[in-house]
Structures are given as C-alpha cells and as structure tokens.
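# A look at the structure
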Amino acid sequence: MKSLLIKNIGTLASAYSRAPRMLCGRQMNEVPMLTDAWLAIDGERISDFGTMDSCPDEAGFRQVIDASRSWVLPCFCDSHTHLVYAGSREGEFRDKIAGLSYEEIARRGGGILNSADLLNDTSEEELLNTAARRLRQCAASGTGAIDIKSGYGLTYEGELKMLRVIRRLKQMFPMIAIRANFLGAHAVGRAFNGNQKGYVDMLVDQLLPQVAEEQLADFVDVFCDKGFFTTEETDHILKAAAKYGIRGKIHANELDVSGGVQVGVANGCLSVDHLERMTDAEIACLASTLSGGKHTTIPTMLPGASFFLGIPFGKAREAVDAGLPLALASDYNPGSSPSGSMRFVWSLGCIKMRLTPEEAFNAITVNATAALGLEDEYGAIFPGAAASVILTEPIPSLAYLPYAYTEPLIKRVILRGTSLC
C-alpha cells in the first residue's frame, strides 16, 4: 500500500517524466504543467502522477488528500544561506538608514566581525535552538532543500562549532536536504588583524584538515571580493579543499568586479554566488562551462541582499539571455538579507531583475537544486524525486504567487512524504 494520494489538483507544476537536472537560457521560461491532476507518493518518493481520468483507486493508499483545485509545486531550494548565527544586527540597520555602506560598516569593525563576536560568546546549544527555529520557518514557507554556511566563527573553535551545529540540524531535520558549507574564508578573524596570510594558513593547514576528518562540510566557500580575500588566496583555499575531495563555491562580485568568477570557474566550482557586479567577461566565462566537458558553474544571484543593502541587482536578464542556467537564493543572514522567504526572492527576481515568473520559478527550483548537486532528487516533480511539494490555495496562475507575494497562499508543505500542516 502506497503512502499518499493527492487528488483533484488544479494544476501540477513542473511535472517531468524524469529529472530536468538544469535549465539554460530560453529553457528557463518553460514550466510543464498538468491540469486536473493527481500525484502519488510512496514513502519519501514521488511514485507517479497523471490526470484525474486515470486516478488510481484510493483504497491503495494510506492517506488521501483532496487538493480541491489547489496548485501543487515542487518545494523551493535555497542554495545560499547563513542561517546559523547569534543575535542580530539591527544596529547596523540604523547605520544603513543613516547612509553608511556595507564596506564602511565593515571597516568600523561591524558586519561579519560583529556576528563573529556574538557567535563565539554563544553556546552550541543556543546556536542550535535558534537555527532550528529559523529552519522550521523556512520549511513552513516551502523550502525543502537548503545550503547552510559557517563563516561567523572566524576562529578554529568557532568554525568547528558552527559546522557541528549544521551537522546536528541534518540529524534533527532528516526531511530537509541540508548541505553544509565551510566558509571560514568569510573575513579575517580579529585575532589575525593585520595578518591575513596567517589566517589563510590557519584555515588551510589546521582547520580544513579537521573539517575533512570529521566530514563536516559538503562544500568549501570563499568570499573573493574587494576588501576580503584575493583571487590568489581563493585559489589556494579551493585547491587545498580539492585535495580532500570537497568541491568549491564562491562569494564573488558583490562589491567589485573581483576576478572571483574566473577563479571559481578555473577551480570547477559548482556555483559562483552574489554577482551584483558582473560584466560581459564574467558572462562569457560562465558560458564557457556549458560545453567542452567542463564542470558547469552555476551563476547564483541573491536579490534579497541587493534589496536590503540598496546595491545593484545582478544582471539576471542578461545572464538568461546569454543561455546561462541562473539560480536565485535568499542569502539569509543577519547583516545583509535577514529573510529566508523564497517567495520574496521569486518576486524580486521578477520585479527587480526582469525575469518572467517562469524563469524566476525555475531559478529557485530546478537550477537552485543543481547549484547544490541535488538535481537527481529535488527541484521538480518526477517519478523517483523526493516527495517534497507545496500545496497552495486555489490561484489563477503561476504568476499569482510572485505577484501577491505577501498573501498567505501556501496551505500545506510536504517534505519527503511528511506533511508539516
């Protein structure tokens, strides 16, 4: 007997016969849909779907949900977050209102270093409890797969504490696909003020081997940007991670055209993230990974950070028009994007980045899962996919979700076959 049948679905969105894996350029404007549909779930997996004229006998299922003409969508994937943190930074919110830039706040000892001070004074249990609360909120709003970074420890002990919290979150929330990302190179810790080389050496020679030994990280990340880590330092860290079989991701081009995209591509990074400042050279570099047997590097833009900081939005329209597989993520963090709402990200992608509702939807589902290496299980509805889906209230179209972005339209979230409400 199968676990669950959802019947009388108004529209089943992103319905594929097999995993789409990644969508590039014009493909991103396509969302295959099935009207008057049903969806069958067996344990943690989607087993089948079809139109109601072929609906299976309800007697073969333990539970039946009548969708009552609701839409059913795959859960969102948030491929860039920092949701393990201590305290908050609303004081810097006031500084931003007063006109200080992100870089000015950082130069005054605020920003990431403020979060590091708070985190190192916070117990692992308290970090776990606050991160778990944030993660539950993300899941309730439709996120079924997520990247969580370290990077607010900036000490040997602090970074390990963060990564161990992320490991415990994986154990607490097995229904959510969580990827741990070691971002020790987020900024230079206070203890190494004036000695950036010493900090990088500590990361590579001491911290990274311990992270690898405890298997604490799925990825290694570096903030390669103006005032943070150079391309040479980034290359050194990524190559060291590769020796342990840990693939890279990059923070790049948030504050300047930093060369981070190029060093990320050269090191086979799965994604390069932020990209608020990007030229034709970066677009061409990313396009080069789509052929020739190279690993594809997925451009990931973070419109929540642009919105909150008042900095340029990434050139999403240009990236899609150039044939790239664009992803969007929340950048959930206390300083530059204090929100994990993927519906808001979807809406910003449309309103501020000139993406169609379909393009932005694929950027937070299909391509975002590819940016986490989860494309064989998540991002769309197909037989064998993780049974992580969203049931909406009845809506007139897919575009209504980013259009009415504050309206409470999600009525049920199912994660790996387990219903949250």
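Anything mentioned here points back to the structure above.
Report follows, based on the coordinates.

Criteria and thresholds
- Residues numbered from 1 in each chain as written.
- Predicted model: local features only at pLDDT ≥ 70, side-chain atom pairs only at ≥ 80, totals over all residues.
- Heavy atoms only, no water.
- Helix = DSSP H or I, 4+ residues; strand = E, 2+ residues; numbered from the N terminus.
- Expected span 1.5 Å × (residues − 1).
- Buried < 20%, exposed > 50% of the residue type's maximum accessible area, 1.4 Å probe, protein only.
- Arc of directions from axis to C-beta.
- Contact = heavy atoms within 4.5 Å.
- Polar contact = N/O pair within 3.5 Å; in protein donor to acceptor, adjacent residues only side chain to side chain.
- Core = buried A, V, L, I, M, F, W, Y, C linked by side-chain atoms within 4.5 Å.
- Lys, Arg positive; Asp, Glu negative; His and termini not counted.
- Salt bridge = Lys/Arg side-chain N within 4 Å of Asp/Glu carboxyl O.
- 1 Å grid on protein atoms, 1.4 Å probe; cavity = no way out; pocket = protein on both sides within 12 Å on 5 of 7 lines; lining within 4 Å.
- Points joined across faces, edges and corners; volume = space filled by probe spheres on them.
- Nonpolar A, V, L, I, M, F, W, Y, C, P; charged D, E, K, R; others polar.
- Pairing = 2+ DSSP bridges.
- Axes fitted to C-alpha atoms, helices over the stretch in contact; angles between N-to-C directions.

## Here we look at helix α7 (residues 231-242)
Compared with an ideal rise of 1.5 Å per residue, which puts twelve residues at 16 Å, α7 spans 16 Å between its outermost C-alpha atoms and is within 8% of the ideal. Taken together, the buried positions of α7 are Glu 233, Thr 234, Ile 237, Leu 238, Ala 240 and Ala 241. An end-on view of α7 places all buried positions within 160 degrees of arc, on one side of the element. Exposed residues lying more than 90 degrees from the buried face of α7 are Glu 232 and Ala 242. Where α7 is buried, its residues meet β8 (177-185), α6 (196-213), β9 (219-224), β10 (247-252) and α8 (260-266).

## Section: the side chain of Glu 214
In this fold, Glu 214 is placed in the loop between α6 and β9. At 2.8 Å, the side chain of Glu 214 forms a polar contact with the side chain of Gln 210. In this view, Glu 214 contacts Arg 164 and Arg 167; residues no more than four positions away in its chain are not counted.

## Overview of the nonpolar core
Of all hydrophobic cores here, the largest spans 128 residues; its most connected members are Ile 6, Val 84, Leu 169 and Leu 328. Here this core takes nine residues from α6, the largest share from any one element. If you look at the next biggest cluster of nonpolar residues, it comprises 14 residues, including Ala 177, Leu 270, Ala 368 and Ala 371.

## Here we look at the side chain of Arg 343
Topologically, Arg 343 is positioned in helix α12 (residues 342-351). Of the side chains bearing the opposite charge, Glu 407 lies closest to the buried Arg 343, which forms no salt bridge; the N-O distance is 6.4 Å. From its side chain, Arg 343 meets the backbone oxygen of Glu 407 in a polar contact 2.7 Å long. The contacts of Arg 343, once residues within four sequence positions are left out, are Phe 76, Leu 401, Ala 404, Tyr 405, Thr 406, Glu 407, Leu 409 and Ile 410.

## Focus: helix α5 (residues 156-172)
The end-to-end C-alpha distance of α5 is 25 Å, a good match for the 24 Å that 17 residues give at a rise of 1.5 Å each. Within α5, the full set of buried residues consists of Gly 158, Glu 159, Leu 160, Lys 161, Met 162, Leu 163, Val 165, Ile 166 and Leu 169.

## Describing unusual backbone geometry
At Asn 8, a residue that is not glycine, the phi angle is positive and equals roughly 55 degrees. Mapped onto the elements, Asn 8 comes out in strand β1 (residues 2-13). Residue Asn 8 is classed as partly exposed on the basis of its relative accessible area, which comes to 22%. The backbone of Asp 36 shows a phi angle near 50 degrees, a positive value even though the residue is not glycine. Structurally, the position occupied by Asp 36 is in strand β2 (residues 33-42).

## Re empty space enclosed by the protein
To find the voids left in a structure, one rolls a probe of water-molecule size over its atoms. On inspection of all chains with the given rule, the structure shows four cavities of 30 Å³ or more. When the residues that make up the lining of the largest cavity are grouped by side-chain class, the tally is four nonpolar, seven polar and three charged.

## Things to note about the sheet that holds strand β6 (residues 76-78)
Read across the sheet, eight strands follow the order β6-β7-β8-β9-β10-β11-β12-β13 without closing on themselves; strand pairing throughout is parallel. The sheet is open, and its two borders are formed by β6 and β13 (327-328), each paired with just one other strand. Sheet topology places strand β7 (residues 143-149) next to β8; five bridges connect them, and they run parallel. Following the sheet pairing, Asp 147 is matched in β8 by Arg 179. The sheet contacts of α5 involve β7 and β8, and relative to β8 the element is tilted by about 175 degrees.

## Notes on the pattern of salt bridges
Inspection of every chain in the model, using the stated rule, returns 20 salt bridges. Across the pair Asp 36 and Arg 69 runs a salt bridge, and its minimum N-O distance is 3.1 Å. Taken together, the positions of Asp 36 in strand β2 and Arg 69 in the loop between β4 (61-66) and β5 (71-74) put the pair 33 residues apart, joining distant regions of the chain. Exposure remark for Asp 36: the relative accessible area of 32% places this residue in the partly exposed category. In this structure Arg 69 comes out as partly exposed when scored by relative accessible area, which is 43%. Glu 214 is paired through a salt bridge with Arg 164; the nearest N and O atoms lie 2.6 Å apart. With Glu 214 in the loop between α6 and β9 and Arg 164 in helix α5, this pair connects stretches of sequence that are 50 residues apart. When its relative accessible area of 27% is taken as the criterion, Arg 164 is described as partly exposed. A network of salt bridges, in which partner residues are shared, links Glu 44, Arg 45, Glu 377 and Arg 416.

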